[in-house]
There are 2 protein chains.
Amino acid sequence: MTHDNNTLHINAFLMGVGHHEAAWRHPRTEAHRVLDVAHYQELARIAERGRLDSIFFADNLAVGAYVKRNVHTVFEPITLLSAIAPVTEKIGLIATASTSYHEPYALARAFASLDHLSNGRAGWNIVTSGTEAEAFNFGYDAIPEHARRYARAEEFVDVAEQLWDSWEPGALVLDADEGVFADPGKVHAVDYAGERFRVRGPLNSPRSPQGRPLLVQAGSSEDGKEFAARHAEAVFTAQQTLAEGQAFYRDLKDRLARHGRAEGDLKVLPGLVPFIADTEAEAVALQQEFTGLISPDYALRQLSTMLGLDLTAYPLDRPLPPLPDESAVEGQKSRFTLVKQLAAGRELTVRQLIGELGGGRGHRTLAGTPEQIADDLETWFRGGAADGFNIMPPYLPGGLTDFVERVVPILQRRGLFRTEYTATTLRGHYGLAPVPNRFADAVPATA
Amino acid sequence: MTHDNNTLHINAFLMGVGHHEAAWRHPRTEAHRVLDVAHYQELARIAERGRLDSIFFADNLAVGAYVKRNVHTVFEPITLLSAIAPVTEKIGLIATASTSYHEPYALARAFASLDHLSNGRAGWNIVTSGTEAEAFNFGYDAIPEHARRYARAEEFVDVAEQLWDSWEPGALVLDADEGVFADPGKVHAVDYAGERFRVRGPLNSPRSPQGRPLLVQAGSSEDGKEFAARHAEAVFTAQQTLAEGQAFYRDLKDRLARHGRAEGDLKVLPGLVPFIADTEAEAVALQQEFTGLISPDYALRQLSTMLGLDLTAYPLDRPLPPLPDESAVEGQKSRFTLVKQLAAGRELTVRQLIGELGGGRGHRTLAGTPEQIADDLETWFRGGAADGFNIMPPYLPGGLTDFVERVVPILQRRGLFRTEYTATTLRGHYGLAPVPNRFADAVPATA
């Protein structure tokens, strides 16, 4: 086992009134709450009651595929989490932000600010924005190539890490008598001159409590996995079977040593959409209620976006048409392959595929009792497929409340999950060491 | 009188532990609070107790002139105000953000998010970032020319306004039974194709409570005034004398008609740094305590930055050397001219000038009793030099508390200031009409 303390980690991935695409139509939700910051604050407090490691918001810099039926994002994640920080105390706050359409200085600064105002609870889910709709909002005529997006991400994170280090620990002096605010010898220019970015620094923010946000990544393409192996401290991933989960886990962990990292430095968190009820039959019936509310015209458009293929007029009761190889895709490669495998492996019709994807857009869905959900998590955790889980409640707040009140206590009784927070920072929750500072911790060349 | 309701408006400009550059060294402050979000939340609540229209944070995308002695910004304004929104209910929240170093889609979205999560209290102080240090952090070798920065700002605001309009009021349907989230006929692409930006839209956020943030501007150069006349709804300005204030006020108001705007559509808010005490002598003595704590080496560097001229080795007890014309300045033109006039008009030595600038970097400082401060504000307001004021407490929180508890009640007794909030949005506080929507309110061409 490579797990620290044999306990698992849990992130709550929060989305509107639930991950299921028809959640907002079900009587267990109230659709208008997607617009209400108090709804998200309540979700964060529920997750914190469960002692979860973190909450997380995804993002997309464009309107969704089909605005008529798409419960749309209202809040930008960094601002939303800034508004959640004051009403929570311990839980980590992970925001998605794109390296393709921001500037490193401004984004590094926003995350430093979130880390300051949450007292060390900020995390950054690094994305490269793989949709055409996003490219069109930032002056491009097409999606920038996958490899170019990752090359930019690489430089972006490199600059950002240097900026976060630019104020050493102890740079703040705050000596009012002598009038010395900071020690200029501990505040460093970074003088970054790369292919895409030139940034002098230092960052316009003293070092934040964690030094920098927790770095999170979610792409599972070859580029994505290499990027994760170099930079990520937590990885969200969609894996449908235990065997696939184990293979992905091993693949990612095996890449770490090449980058001078230990296996514990990166936590693998597969996604799970849990439908929870007193009996398995009730849980399955609940899931079917949601599936029955899917609008096929919306689901077809969403599927078309995932595959980069217009399926809106395609017959529902036939299998998918032949799909190209992942190498031909410039958008979201790993999601493409996942959907392709899901459909091919079980010979699903388009209608069946839409139902399977409805819960979590490619993430694994499981309907069962609290014990069954806990058993499943334990199997993946002990089976070397996960360091923890990215829990994606199909409806909110109820699906999160059920997980926290019914599944978490079982995991706690089994010794698999904390009963109290033992750390104050997001890095601490995930069992990660403090971030070293390249300036303060550098060994002098002449030592 | 052009004032609506004959009542004035008050913005609290909050900066660290006070606007006076030596505030952090004075026993009335605690320097470490610059790092504490709770400090800024407390300031916002004090301002809200005083029924002030808004609070405001400035920003600069680089470290200050002299990190050793410069009490440095910690928080990015949009994230900080997002963390203040949950602990306040009514007061407006104005954040500075640069048009030179952001992308319009991302920034428009961040402000929409702040407006949503504050229920209609967001404001944007639009700046073009006139320092070399900022340019170096965003890939430039020098400050982009003043005129080019303003041309970009013009396009930027144009795109942003179209994006904010892209979801008409009523676009959200939220019909769970029919599965209709939004009315696609009321969600519009903007297809912006300008010299600098190409943005398809729509914005990835339904229309926010105010439609868009209140637009605020603070540059007083010719470009700045024209920009304000076209776009700004509130203007922060530094004016040293009543006559200068009246001239600036008239100049700005006279420009509005050319852009189809009424005088009430733009509120002029001169800055004031008030030292408040029981007697005038005590207030003057208090101001002198702060002046005495100024570090000349820091003040000289700051003055050098304002003037674009190295004065760090210049003798303190001589007048300024001859200064070029504003037209030769590519940085912050209006601040340059203000300092030049302040020094020349009163034949100040550099040491005296540093003392004058210590309170508010060119903003007017006034030491007096609460009655004297109130008299002064009333004189400017009734004298046609102000629609309200940008109050810059020299030390915090005490200087704000004194203003709210001692000056505001006098203004209220005189009928010059509200005793309760009568609106729920920032626009409402400033007496501005709701923002029309270009799509919803357009008269059909064939009507």
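Thresholds applied
- Residues numbered from 1 in each chain as written.
- Chains lettered and ligands numbered in written order.
- Predicted model: local features only at pLDDT ≥ 70, side-chain atom pairs only at ≥ 80, totals over all residues.
- Heavy atoms only, no water.
- Helix = DSSP H or I, 4+ residues; strand = E, 2+ residues; numbered from the N terminus.
- Rg over C-alpha atoms; globule rule 2.2 N^0.38 Å.
- Buried < 20%, exposed > 50% of the residue type's maximum accessible area, 1.4 Å probe, protein only.
- Contact = heavy atoms within 4.5 Å.
- Least-squares fit on C-alpha atoms with pLDDT ≥ 70 in both.
- UniProt positions renumbered as here; feature names shortened; annotations may be inferred.
- Polar contact = N/O pair within 3.5 Å; in protein donor to acceptor, adjacent residues only side chain to side chain.
- Buried area = accessible area lost by both parts, 1.4 Å probe.
- Salt bridge = Lys/Arg side-chain N within 4 Å of Asp/Glu carboxyl O.
- Expected span 1.5 Å × (residues − 1).
- Core = buried A, V, L, I, M, F, W, Y, C linked by side-chain atoms within 4.5 Å.
- Axes fitted to C-alpha atoms, helices over the stretch in contact; angles between N-to-C directions.
- Parallel < 35°, antiparallel > 145°, perpendicular 65-115°, else oblique.
- Left-handed = near helix turned anticlockwise from the far one by under 90°.
- Nonpolar A, V, L, I, M, F, W, Y, C, P; charged D, E, K, R; others polar.

1. Concerning the overall build of chain A
The number of helices and strands found in chain A is 14 helices and 13 strands. By the compact-globule yardstick of 22 Å for 447 residues, chain A fits well, its C-alpha radius of gyration being 22 Å. Relative to its 447 residues, chain A shows a buried fraction of 62%. The long-range share in chain A, meaning contacts at least 24 apart out of those at least 6 apart in sequence, stands at 77%.

2. Quick notes on the relation of the copies chain B and chain A
If you rotate chain B by 180° and push it 0.0 Å along the axis, it lands on chain A with an RMSD of 0.0 Å. In symmetry terms, the pair is related by a two-fold rotation axis. Judged by C-alpha distance, A83(B) is the residue of chain B that lies nearest the rotation axis, at 2.3 Å.

3. A word on the UniProt feature "binding site: FMN" (unreviewed entry) in chain A
Mapped onto this numbering, the UniProt entry gives "binding site: FMN" (unreviewed entry) at D59(A), T96(A), H146(A), Y150(A), S220(A) and S221(A). Mapped onto the elements, D59(A) comes out in the loop between β2 (54-57) and α2 (77-84). Those residues in contact with D59(A), other than ones at most four positions away along the chain, are T73(A), P77(A), T96(A), R109(B) and N204(B). For D59(A), the side chain forms a polar contact with the side chain of R109(B), separated by 2.6 Å.

4. Looking at the interface of chain B and chain A
Contact with chain B, which involves 68 residues of that partner, is made by 68 residues of chain A. Between chain B and chain A the total buried area reaches about 5600 Å² when both faces are included, carbon and sulfur atoms providing 64% of it. The largest share of the area that chain B buries against chain A comes from R109(B), F181(B) and R198(B), three residues that together contribute 11% of it. At the boundary of chain B and chain A, one finds 4 salt bridges.

5. Regarding the pattern of salt bridges
Residue and element names in this part refer to chain A. Applying the stated rule across the entire model yields 64 salt bridges over all chains. D251 is the salt-bridge partner of K225, the closest N and O atoms lying 2.9 Å from each other. With K225 in helix α6 (residues 222-231) and D251 in helix α7 (residues 242-256), this residue pair connects regions lying 26 residues apart in the sequence. According to the relative accessible area criterion, K225 is buried, its value standing at 13%. Linking E226 and R230 is a salt bridge whose minimum nitrogen-to-oxygen distance equals 3.7 Å. Of this pair, E226 and R230 are both found in helix α6, 4 residues apart, which corresponds to roughly one turn of the helix. Accessibility expressed as a relative area gives 16% for E226, which makes it buried. The exposure class assigned to R230 is partly exposed, which follows from its relative accessible area of 33%. Salt bridges sharing partners connect three or more residues here, namely E154, E222, K225, E226, R230, D251, R255 and R258.

6. Some words on helix α9 (residues 296-307) of chain B
Residues and elements named next belong to chain B. The first and last C-alpha atoms of α9 sit 16 Å apart over 12 residues, in line with the 16 Å expected at 1.5 Å per residue. In this fold, the buried residues of α9 make contact with α10 (333-345) and α11 (350-358). At the exit of α9 stands G308, carrying a positive phi of roughly 65°.

7. Some thoughts on the nonpolar core
Residues I55(A) and I55(B) are the most contacted members of the largest nonpolar core, which totals 178 residues. With residues up to four places along the chain from it excluded, the contact list for I55(B) reads N11(B), A12(B), L14(B), A44(B), A47(B), L81(B), I84(B), I91(B), G92(B), L93(B) and I94(B).

8. Comments concerning the packing of α2(A) against helix α2 (residues 77-84) of chain B
Between α2(A) and α2(B), the shortest axis-to-axis distance is 7 Å and the interhelical angle comes to 40°. Accordingly, the angle class assigned to the pair α2(A) and α2(B) is oblique. Here α2(A) and α2(B) pass one another in a crossing that is right-handed. Contacts between α2(A) and α2(B) involve I78(A), T79(A), S82(A) and A83(A) from the former and I78(B), T79(B), S82(B) and A83(B) from the latter. Its residues assigned to classes, the contact of α2(A) with α2(B) comprises 4 nonpolar, 4 polar and no charged.

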